[in-house]
Amino acid sequence: MSESAPPIDATLLAFANSHWHVRRPKPFVLVIEGEVGAEGRVGDYLHDKLLQPAWREAFYQLVDATGLVVCLNLHTQHPSYRDVRGRSSKGRLSQGEYYHHDGCSGPTKPRFVEIRCPVQPQTRGVATAVAPHHAVVAAMVQVLPAELAAQNLNPAAISQMSDAELDQLQGLLTRSVRKKLDAEGARAYFRAVDLAADAYFEPWALGESRIIANANSGVTMQHRRAYQTPHTGGVANGHLVKRWPNEELLLPGQVLDPALIAALCSEEGEDGNEDAACYLRPH
């Protein structure tokens, strides 16, 4: 097995002794639709093939190099998933509506976050926007209302910023938007950010997993819960689950670090203490 990410042509990926139907809707997105020859078959190809111990690190390197890998037509009930916590009210934005990395306030962030829409009776109407970190911060500056502009920064300057510098600027911008705009004004602002950042913004399909490069050696992404119309509440919505595969889905001989998982989970409480939330300050 090669130690590097596998090559990809326009429609097929050769990986884990199989061939996969794939497409690239954006440069930072790889969509895996299923295994060649298994069309129409229900199965858990993520765990049965892509994340098998012999192939796992190579698959992770594929996510590192891509940014976002989407697995469609995936049926799994793996016990490592847990419910996504936090809900949005009609009032001020919830933590998850700001662009963020998971684990952003701690010294160690998860390498990836996998967000999944399980097969369920109710479809998912709220989107999850995903975009590269640099593109998100550049878009936040670009569409910021003139009266909120904190710095006169051009895209070239932002493209040269380190992750730490991007975090500092993003924290300033997010706090400014939160303080100066009402809830729907802030949501409209982030809708404009989604467009300017060319975020991946596809509706959730039942049985879909999105594996997002969260803090890694390659293309680092951010994501957010995104309402594309005014949020009025009271609308039935399918739920999401999540996990941090690199830290929680263990290989033989690995041991779970409960302190790390507890620290990361502490950021994901309900939305009653947003002033201290990592989403609003430098990561």
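Being a predicted model, the structure only gives us computed values, none of them experimental.

**Q** Would you mind going over the overall build of the chain in detail, with residue names and values included?
**A** The secondary structure content of the chain amounts to eight helices and 10 strands. Residue burial in the chain is summarised as follows: out of 283 residues, 51% are buried. Here the contacts in the chain between residues at least 6 apart in sequence split such that 81% fall between residues at least 24 apart. Accessible surface for the chain amounts to roughly 12,900 Å². Of this, 54% is attributable to carbon and sulfur atoms.

**Q** How would you explain the side chain of Asp-64 if you had to name every residue and give the values?
**A** With respect to the helices, strands and loops of the structure, Asp-64 is situated in helix H2 (residues 56-66). Its relative accessible area of 6% is what places Asp-64 among the buried residues.

**Q** Summarise helix H6 (residues 183-196); cite the residues concerned and give the values.
**A** The first and last C-alpha atoms of H6 sit 20 Å apart over 14 residues, in line with the 20 Å expected at 1.5 Å per residue. In this structure, the buried side of H6 is in contact with strand S7 (127-132), helix H3 (133-142), helix H5 (163-180) and strand S9 (221-226). Two residues or fewer past H6, Asp-198 is found with a positive phi of approximately 55 degrees.

**Q** I'd love a proper account of the confidence of the model for the chain, names of residues and values included.
**A** Mean pLDDT over the chain: 86, with 86% of residues reaching 70 or higher. Considering only residues more than four positions removed or in separate chains, one finds that residues 270-276, a stretch of pLDDT under 50, has 19 contacts.

**Q** Lay out the packing of H3 against H6 in plain terms, naming residues and giving numbers.
**A** Running from N to C, H3 and H6 cross one another at 125 degrees; their axes reach a closest spacing of 8 Å. Classified by the interaxial angle, the pair formed by H3 and H6 is oblique. The way H3 lies across H6 gives a crossing that is right-handed. Two secondary-structure elements touch here, H3 through Val-136, Ala-139, Met-140 and Gln-142 and H6 through Tyr-189, Phe-190, Val-193 and Ala-196. The residue inventory of the contact of H3 with H6, partitioned by class, reads seven nonpolar, one polar and no charged.

**Q** Just give me the short version of H3, but keep the residues and values in it.
**A** When we look at burial in H3, the residues that qualify are His-133, Val-136, Val-137, Ala-139, Met-140 and Val-141. Where H3 is buried, its residues contact S7, helix H4 (155-159), H5, H6 and S9.

**Q** So what's going on with the packing of aromatic side chains? Which residues, and what values?
**A** Under the criterion given, the structure shown has six aromatic pairs. Judged by centre distance (5.3 Å) and plane angle (45 degrees), the rings of Trp-20 and Tyr-45 are tilted. Linking Trp-20 in strand S2 (residues 18-23) with Tyr-45 in helix H1 (residues 45-50), this pair joins segments that are 25 residues apart in sequence. Classification of Trp-20 by relative accessible area gives buried; the value is 0%. Every member of this aromatic cluster is reached through a ring pair, and the members are Phe-15, Trp-55 and Phe-59. Positioned above the aromatic ring of Trp-244, the side-chain terminus of Arg-82 is 4.2 Å from the ring centre. Directly above the ring of Tyr-227 sits Arg-187, whose terminal nitrogen or CZ lies 5.6 Å from the centroid.

**Q** Give me the lowdown on the environment of Val-136, citing residues and values where you can.
**A** In this fold, Val-136 is placed in helix H3. Taking the C-alpha atoms as reference points, Val-136 and Leu-166, separated by 30 residues in sequence, lie 9.6 Å from one another. Not counting the four nearest positions on each side in its chain, Val-136 is found in contact with Tyr-99, Ala-131, Gln-170, Val-193, Ala-197 and Gln-222.

**Q** Tell me what's going on with the sheet that holds strand S8 (residues 208-213), and back it up with residues and numbers.
**A** One open sheet accounts for eight strands, arranged S1-S2-S3-S4-S8-S6-S10-S5; its pairing is mixed. If you trace the sheet from one side to the other, it starts and ends with strand S1 (12-15) and strand S5 (82-83), each paired once. Bridging between strand S6 (residues 112-117) and S8 involves six bridges; their strand directions are antiparallel. Along S8, the bridge assignment pairs Phe-112 with Ala-213.

What counts, and at which threshold
- Residues numbered from 1 in each chain as written.
- Predicted model: local features only at pLDDT ≥ 70, side-chain atom pairs only at ≥ 80, totals over all residues.
- Heavy atoms only, no water.
- Helix = DSSP H or I, 4+ residues; strand = E, 2+ residues; numbered from the N terminus.
- Buried < 20%, exposed > 50% of the residue type's maximum accessible area, 1.4 Å probe, protein only.
- Contact = heavy atoms within 4.5 Å.
- Areas by Shrake-Rupley, 256 points an atom, 1.4 Å probe, with all protein chains shown as cover.
- Expected span 1.5 Å × (residues − 1).
- pLDDT = per-residue confidence, 0-100.
- Axes fitted to C-alpha atoms, helices over the stretch in contact; angles between N-to-C directions.
- Parallel < 35°, antiparallel > 145°, perpendicular 65-115°, else oblique.
- Left-handed = near helix turned anticlockwise from the far one by under 90°.
- Nonpolar A, V, L, I, M, F, W, Y, C, P; charged D, E, K, R; others polar.
- Phe/Tyr/Trp six-rings, centres within 6.5 Å; stacked < 30°, edge-to-face > 60°.
- Lys NZ or Arg CZ within 6 Å of the ring centre and 35° of its normal.
- Pairing = 2+ DSSP bridges.

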